[in-house]
Amino acid sequence: MKAKKKILNDFGGIMFSTDPSFIYESDAEESNEPIPNQQQDLRVTLDRKNRGGKGVTLVTGFIGSTDALETLAKMLKSKCGVGGAAKDGEILIQGDFRDKVLLLLQKEGYKVKKSGG
């Protein structure tokens with residue numbers, strides 16, 4: 001998952017400190033609790049950008065740890081019988097397997113929608 005871009009308001013107005021021992025304390029606490037599958041809203045698309053015309057099934061919207069993302073990607077790759085990757089909160093499956101991935105994710109209990117063309 002992409003990291004949220006920090007803006008000036010996130011720092012409470014502090015732009016620069018000359019104190020070498022200054023450590024900014026963030027108020028936002030990130031919860032490490034996994035989100036249940038039923039609450040995950042995943043999108044399955046076919047992506048051909050910057051891939052030399054080869055299609056890739058792209059699963060986006062996953063919220064959770066990188067270990068859980070890797071586990072889900074491994075399951076999808078083995079069921080489809082192809083290669084792929086899991087990075088930046090996205091799962092890439094080589095080839096056009098949108099329908100198969102959609103059914104597999106629904107069986108796992110995820111809320112899944114097909115998006116794009």
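Cut-off values and rules
Residues numbered from 1 in each chain as written. Predicted model: local features only at pLDDT ≥ 70, side-chain atom pairs only at ≥ 80, totals over all residues. Heavy atoms only, no water. UniProt positions renumbered as here; feature names shortened; annotations may be inferred. Helix = DSSP H or I, 4+ residues; strand = E, 2+ residues; numbered from the N terminus. Expected span 1.5 Å × (residues − 1). Buried < 20%, exposed > 50% of the residue type's maximum accessible area, 1.4 Å probe, protein only. Arc of directions from axis to C-beta. Contact = heavy atoms within 4.5 Å. Core = buried A, V, L, I, M, F, W, Y, C linked by side-chain atoms within 4.5 Å. Pairing = 2+ DSSP bridges.

- As recorded in an unreviewed UniProt entry, the chain goes by SUI1 family translation initiation factor and comes from Pedobacter steynii.
- Turning to the chain, the UniProt annotation filed under Sequence similarities (unreviewed entry) states: "Belongs to the SUI1 family."

A look at helix H1 (residues 66-80)
Phase 1: Here H1 spans 21 Å end to end across 15 residues, near enough to the 21 Å set by a 1.5 Å rise per residue.
Phase 2: Within the sequence span of H1, burial applies to Leu69, Leu72, Ala73, Met75, Leu76 and Cys80. Buried positions in H1, seen along its axis, are confined to an arc of 160 degrees and lie on one side of it. Among the exposed residues of H1, those pointing more than 90 degrees away from its buried face are Asp67, Thr71, Lys74 and Ser78.
Phase 3: Just downstream of H1 lies Gly81, where phi reads positive at about 75 degrees.

Considering the environment of Thr60
Phase 1: Examined against the element boundaries, Thr60 turns out to sit in strand S2 (residues 56-60).
Phase 2: On a C-alpha basis, the gap between Thr60 and Ile91 in space is 6.7 Å, while along the polypeptide they are 31 residues apart.
Phase 3: The contact partners of Thr60, leaving out residues within four places of it in the chain, are Asp41, Leu42, Arg43 and Glu90.

Brief notes about unusual backbone geometry
Phase 1: Of note, Asn50 is a non-glycine position whose phi angle comes to about 55 degrees, a positive value.
Phase 2: In this structure, Asn50 sits in the loop between strand S1 (41-47) and S2.
Phase 3: Relative accessible area serves as the criterion here: at 84%, Asn50 is assigned to the exposed category.
Phase 4: Here Asp88, not a glycine, exhibits a phi torsion of approximately 55 degrees, which is positive.
Phase 5: Position of Asp88 among the secondary structure elements: in the loop between strand S3 (84-87) and strand S4 (90-94).

Details of helix H2 (residues 98-107)
Phase 1: When we look at burial in H2, the residues that qualify are Arg98, Val101, Leu102, Leu104 and Leu105. Angularly, the buried residues of H2 cover 165 degrees about the axis, an arc narrow enough to put them on a single face. Facing away from the buried side of H2 by more than 90 degrees, the exposed set consists of Leu103 and Lys107.
Phase 2: Its buried side turned inward, H2 meets S1, S2, H1 and strand S5 (111-114).
Phase 3: Positive phi shows up at Gly109, right after H2, with a value of about 100 degrees.

A look at the nonpolar core
Phase 1: Counting residues in each nonpolar core, the largest one holds 19 residues, and the members touching the most others are Leu72, Leu76, Ile91 and Leu105.
Phase 2: Looking at this core, the elements with two or more residues in it are S1, H1, S4 and H2.
Phase 3: The leading source of residues in this core is H1, at six residues.
Phase 4: With residues up to four places along the chain from it excluded, the contact list for Ile91 reads Thr57, Leu58, Val59, Leu69, Leu72, Ala73, Leu76, Ala85 and Ala86.

Things to note about the pairing of S2
Phase 1: Most of S2 is tucked away: four of the five residues are buried.
Phase 2: Bridging between S1 and S2 involves five bridges; their strand directions are antiparallel. Opposite Asp47, over in S2, you have Val56 as the bridge partner.
Phase 3: Relative to S4, S2 runs antiparallel, the two sharing three bridges. Within S4, the residue paired with Thr57 across the bridge is Ile93.

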